Amino acid sequence: MKDISLGQFYPADSFTHKMDPRAKLVLVVAFIVMAFLAKNFLSYFAVMICVVSAILVSRIPITKVLKSIKAIIFILVFTGILNLLFYNGDTVLWECWRVKITVEGIIFSIKMVLRLVLLVMGTTLLTYTTTPTAITDGMESLMKPLKYIKVPVHDIAVIMSIALRFIPIISEEVDKIMMAQKARGAAFDNGGLLKRAKALLPVLIPLFVSAFRRAEELASALDARCYNATPNRTRYKVMKFSWRDLIGVIGVAVFIVLVVALNNNFWGAYEAVPAVWWLFSV
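Rules behind the numbers
Residues numbered from 1 in each chain as written. Predicted model: local features only at pLDDT ≥ 70, side-chain atom pairs only at ≥ 80, totals over all residues. Heavy atoms only, no water. Buried < 20%, exposed > 50% of the residue type's maximum accessible area, 1.4 Å probe, protein only. Helix = DSSP H or I, 4+ residues; strand = E, 2+ residues; numbered from the N terminus. Contact = heavy atoms within 4.5 Å. UniProt positions renumbered as here; feature names shortened; annotations may be inferred. Axes fitted to C-alpha atoms, helices over the stretch in contact; angles between N-to-C directions. Parallel < 35°, antiparallel > 145°, perpendicular 65-115°, else oblique. Nonpolar A, V, L, I, M, F, W, Y, C, P; charged D, E, K, R; others polar. Phe/Tyr/Trp six-rings, centres within 6.5 Å; stacked < 30°, edge-to-face > 60°. Pairing = 2+ DSSP bridges. Salt bridge = Lys/Arg side-chain N within 4 Å of Asp/Glu carboxyl O. pLDDT = per-residue confidence, 0-100. Expected span 1.5 Å × (residues − 1).

Caption draft 1: Inspection of helix α6 (residues 132–142) at higher detail. Most of α6 sits inside the fold, with eight of its eleven residues counted as buried. Residues Pro132, Ala134, Ile135, Thr136, Asp137, Gly138, Glu140 and Ser141 constitute the buried set of α6. Looking at the packing, one finds that the buried side of α6 touches α1 (21–37), α5 (103–129) and α7 (153–183).

If you want it as structure tokens, here you go:
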């Protein structure tokens with residue numbers, strides 16, 4: 001739970017932190033599209049350069065970003081094994097009944113795992129460089145056109161803001177409950193999978209009780225302050241686009257064009273060397 005980066009903010013005085021949250025939300029969506037556009041290893045390398053450049057500009061320790069990958073280790077392993085065993089390819093290395101391992105399956109598995117890692121690293125930067133309140137305000141501003149079709153944009157934004165804020169709080173609550181249970185002699189690491197799942201029941205029940213209690217306290221606090229989602233609400237900080245946002249948009253656009261060009265071998269740059277062409281074209 002400590003490795004979950006969603007909802008956590010890393011304060012720093014960087015170029016990325018000063019960008020408009022609306023621009024960062026749009027850039028994250030563009031980055032996700034860019035990651036799914038990548039087809040060969042050379043285009044994946046371009047996406048990796050984009051992520052590393054963003055991390056360096058944001059002044060966030062790379063170890064902190066890499067730590068967020070630990071939370072999805074199981075998903076990475078499961079995805080890699082699933083694609084490795086059941087991907088249909090022509091060059092068979094090992095086969096047993098309907099399960100076979102092919103060269104194409106190995107390459108495809110590596111690509112899928114690499115894509116997930118890049119997506120997590122890219123989206124993690126959004127929460128590390130933007131406060132939950134700024135993310136909510138940015139999403140609400142981007143969803144303004146939906147107000148014309150009677151969509152409660154502000155209510156949705158508030159719900160998302162509260163959800164993001166509660167993620168690290170619930171994480172800390174889980175740690176406290178587990179330490180309290182261990183102090184009373186509970187064992188969470190012994191036995192098989194079923195026994196470990198049963199051992200988590202003493203954690204889940206007080207966690208749900210605590211979550212409902214916190215939600216009730218939050219509702220009472222909002223009601224005591226006469227909070228309501230009226231359309232005439234104002235903000236303390238007014239969001240404005242700046243030259244930083246323009247540079248960010250141009251930079252991501254350049255990387256998207258580069259990925260598309262590398263996918264189609266636009267320049268024919270790596271066809272001259274057969275080994276390099278085979279490596280980056282698969």
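Caption draft 2: Region of interest: the UniProt feature "transmembrane region" (unreviewed entry) in the protein chain. Taking the numbering used here, the UniProt-annotated feature "transmembrane region" (unreviewed entry) corresponds to residues 21–38, 69–86, 106–128, 149–170 and 243–262. As annotated, residues 21–38 comprises 94% helix and 0% strand, and the C-alpha atoms at either end are separated by 26 Å. Between the C-alpha atoms that bound residues 106–128 the distance is 33 Å, and the span itself is 100% helix and 0% strand.

Caption draft 3: Region of the structure containing the packing of α1 against helix α10 (residues 243–263). The interhelical angle for the contact between α1 and α10, taken along N-to-C directions, is 5°, at an axis separation of 10 Å. Comparing their axes, α10 and α1 come out roughly parallel. Taken together, the residues of α10 that come into contact with α1 (itself represented by Ala23, Leu27, Ala30, Met34 and Leu37) are Asp245, Gly248, Val249, Val252, Phe255, Ile256, Val259, Val260 and Asn263. The residue inventory of the contact of α1 with α10, partitioned by class, reads eleven nonpolar, two polar and one charged.

Caption draft 4: Fine view of the packing of aromatic side chains. Under the definition given, this model contains two aromatic pairs. When the centroid spacing of 6.2 Å and the interplanar angle of 15° are considered together, the rings of Phe74 and Phe78 count as stacked. Residue Phe74 and its partner Phe78 are located together in helix α4 (residues 73–86), separated by four residues, close to a single helical turn. By relative accessible area, Phe74 is classed as exposed at 67%. Taking the relative accessible area as the measure of exposure, Phe78 reaches 47% and is therefore partly exposed.

Caption draft 5: Seen up close, the environment of Asp90. Tracing the backbone shows Asp90 in the loop between α4 and β1 (92–96). Given the relative accessible area of 74%, Asp90 is considered exposed. For the pair Asp90 and Gly105, spaced 15 residues apart in sequence, the C-alpha to C-alpha distance is 9.4 Å.

Caption draft 6: Inspection of the pairing of strand β2 (residues 99–102) at higher detail. Note that β1 and β2 share four bridges and pair antiparallel. By the bridge assignment, Val92 is partnered in β2 with Thr102. Hairpin geometry of β1 and β2 is characterised by an intervening segment of two residues between the two adjacent antiparallel strands and by a positive phi of about 60° at Trp97.

Caption draft 7: Expanded view of the pattern of salt bridges. Overall, the coordinates contain three salt bridges when judged by the stated rule. Across the salt bridge formed by Asp13 and Lys18, the nearest N and O atoms sit 3.1 Å from each other. A relative accessible area of 51% means that Asp13 is categorised as exposed. Where Arg214 meets Glu173, a salt bridge forms, and the shortest distance between an N and an O atom there is 3.1 Å. Taken together, the positions of Arg214 in helix α9 (residues 201–224) and Glu173 in helix α7 put the pair 41 residues apart, joining distant regions of the chain. Taking relative accessible area as the criterion, Glu173 reaches 13% and is therefore assigned buried.

Caption draft 8: View of the confidence of the model for the protein chain. Taken over all residues, the pLDDT of the protein chain has a mean of 81, while the share at 70 or more is 88%. No element of the protein chain has a lower mean pLDDT than helix α11 (residues 274–281), at 49, and none a higher one than α1, at 92. pLDDT under 50 marks residues 269–278. Its contacts with residues more than four places away, or in other chains, come to eleven contacts.

Caption draft 9: Highlighting the environment of Leu84. As for its position among the elements, Leu84 is in helix α4. Judged by its relative accessible area of 24%, Leu84 is partly exposed. Between the C-alpha atom of Leu84 and that of Glu104, which follows or precedes it by 20 residues, the distance is 8.7 Å. Not counting residues within four places of it along the chain, the set of residues in contact with Leu84 comprises Lys100, Ile101, Gly105, Ile106 and Ser109.

Caption draft 10: Molecular detail of the environment of Val153. Along the polypeptide, Val153 turns up in helix α7. For the pair formed by Val153 and Met139, sequence separation is 14 residues and the distance between their alpha carbons is 8.8 Å. Once residues within four sequence positions are removed from consideration, Val153 is found in contact with Glu140, Met143, Leu146 and Lys147.

Caption draft 11: View of α9. Taking 1.5 Å per residue as the helical rise, α9 with its 24 residues ought to reach 34 Å, and the 35 Å between its terminal C-alpha atoms agrees with that figure. Every buried residue belonging to α9 is among Val203, Leu207 and Ser210, and all of these are buried. Its buried side turned inward, α9 meets α7.

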